[in-house]
Amino acid sequence: MPTSDTPAVLPLATIKPPRCAMCRARMELASREPGANGAEKHFFKCPKCEFSKTKISGDAVNAGRHRPPRKR
């Protein structure tokens, strides 16, 4: 179980690459590096048209972008 001072690193198998915005092909994970506040930067590159994209996961700032679960 990760503690608050060690960032949780996702295994490569759990990272689902996005579709390319240009040609809709499945992108490949080019690299990943630690970001601020325990976040992780993922760099994706399209093997077909070479479009690149950066995603940040585990960022506390972007965590509120999704709706909270509904109360039952």
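Just above sits the structure.
Cut-offs applied
Residues numbered from 1 in each chain as written. Predicted model: local features only at pLDDT ≥ 70, side-chain atom pairs only at ≥ 80, totals over all residues. Heavy atoms only, no water. Helix = DSSP H or I, 4+ residues; strand = E, 2+ residues; numbered from the N terminus. Buried < 20%, exposed > 50% of the residue type's maximum accessible area, 1.4 Å probe, protein only. Contact = heavy atoms within 4.5 Å. Areas by Shrake-Rupley, 256 points an atom, 1.4 Å probe, with all protein chains shown as cover. Pairing = 2+ DSSP bridges. Axes fitted to C-alpha atoms, helices over the stretch in contact; angles between N-to-C directions. Salt bridge = Lys/Arg side-chain N within 4 Å of Asp/Glu carboxyl O. Patch = residues over 30% accessible without salt bridge, like charges linked within 9 Å, V, L, I, M, F, W, Y side chains within 5 Å. Lys, Arg positive; Asp, Glu negative; His and termini not counted. Charge placed at Lys NZ, Arg CZ, Asp CG, Glu CD.

Colleague: It is not clear to me how the overall build of the protein chain should be interpreted in this structure. Could you clarify?
Modeller: The helix and strand inventory of the protein chain stands at zero helices and three strands. Mapped in sequence order, the helices and strands of the protein chain form the string β-β-β. Residues counted as buried form 15% of the 72 residues belonging to the protein chain. The contacts in the protein chain between residues at least 6 apart in sequence include a share of 23% that link residues at least 24 apart. When the accessible surface of the protein chain is totalled, it reaches about 6,200 Å², and 54% of it is carbon and sulfur.

Colleague: It is not clear to me how the sheet that holds strand E2 (residues 40–45) should be interpreted in this structure. Could you clarify?
Modeller: Strand-to-strand pairing in sheets goes through backbone hydrogen bonds, with the strands running parallel or antiparallel. What the three strands build is an open sheet, ordered E1-E2-E3; its pairing is antiparallel. A strand with exactly one partner marks an edge of an open sheet, and here the two such strands are strand E1 (28–34) and strand E3 (52–57). This sheet shows a mean twist of 20 degrees between the axes of neighbouring strands, independent of strand direction. As paired strands, E2 and E3 are joined by six bridges and run antiparallel to one another.

Colleague: Could you clarify how one ought to interpret the pairing of E2 in this entry?
Modeller: For a regular strand, side chains alternate in direction, first toward one face of the sheet and then toward the other. Burial along E2 is one-sided: the residues Glu40, His42 and Phe44 are buried and none of Lys41, Phe43 and Lys45 is. In this structure, E1 lies alongside E2, joined through six bridges in antiparallel fashion. Opposite Leu29, over in E2, you have Phe44 as the bridge partner. Taken together, E1 and the strand that follows it, E2, pair antiparallel across an intervening segment of five residues, in which Asn37 is found at a positive phi of about 55 degrees.

Colleague: It is not clear to me how the pattern of salt bridges should be interpreted in this structure. Could you clarify?
Modeller: A side chain with one charge can pair with a side chain of the opposite charge if their charged atoms come near. Evaluated as defined, the whole model comprises one salt bridge. Here Arg32 ties to Glu40 by a salt bridge, and the two come within 3.6 Å at their closest N and O atoms. Exposure remark for Glu40: the relative accessible area of 10% places this residue in the buried category.

Colleague: Even after reading the chapter, I still don't get a positive patch on the surface, so can you show me in this structure?
Modeller: Where like charges cluster on the molecular surface, the positive patch consists of Lys16, Arg19, Arg24, Arg26, Lys53 and Lys55. In this fold, Arg26 is placed in the segment before E1.

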